[in-house]
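So the chains spell out like this:
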Amino acid sequence: MDKALTGDIKRKTLIIKGRLDNLNDYTKACRSNKFAGAGCKAKNELIITEFIEEQLTGVHFIGKTYLHFRWIEPNRNRDLDNVCFAKKFILDALVRNKVIETDGWRGVWGFTDEFDVDADDPRIEVVIEGRLE
């Protein structure tokens, strides 16, 4: 964790069951027609929002946060860089649901990615560290 995140730091975890679209899925959608890319993004953010509402209702981080992503895939079929592209959908959903203030330089110190395989329970675990409101 960046040394700039000190003091009364809290940690909350968001678990997204299953898996989200990856970069190849999004690119294919964007190339198919001008609305499909936006639809892909909206579909993924809706899925994430459902998990945010279940697990992080009333949670609001203030200032900068640090995020740890653990991508647990059902197999090794998708390239790691394509899998973690879904971070874009997750960050945008966290901002839209007011869990974090912004996903830009003013709101995120950084993030880490870790990858694993679990055929029976694919998921994405997002640990958010920062100051709670």
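Figured I'd write up the structure that's included with this text. This structure is a prediction, so every number in the text was calculated from the model and none was measured.

Definitions and cut-offs
Residues numbered from 1 in each chain as written. Predicted model: local features only at pLDDT ≥ 70, side-chain atom pairs only at ≥ 80, totals over all residues. Heavy atoms only, no water. Pairing = 2+ DSSP bridges. Helix = DSSP H or I, 4+ residues; strand = E, 2+ residues; numbered from the N terminus. Axes fitted to C-alpha atoms, helices over the stretch in contact; angles between N-to-C directions. Contact = heavy atoms within 4.5 Å.

**Comments concerning the sheet that holds strand 3 (residues 108-117)**
Across the sheet, 4 strands lie side by side as 1-4-2-3; this open sheet has mixed pairing. At either end of the open sheet lies a strand with only one pairing partner, and these are strand 1 (10-17) and strand 3. Direction aside, the axes of adjacent strands within the sheet are offset by 20° on average. Both strand 2 (residues 61-73) and strand 3 contribute to a ladder of 9 bridges, which runs parallel. Pairing of Leu67 across the sheet is with Phe111, part of strand 3. Across the sheet, helix 4 (residues 87-96) touches strand 1, strand 2, strand 3 and strand 4 (123-132), and the angle it forms with strand 2 is around 145°.

**Let's talk about the packing of helix 1 (residues 23-32) against helix 2 (residues 36-55)**
In the contact formed by helix 1 and helix 2, the axes pass within 6 Å of each other and the chain directions differ by 145°. Of helix 2, the residues touching helix 1 (which contributes Tyr26, Ala29, Cys30 and Ser32) are Ala36, Gly37, Cys40 and Lys41.

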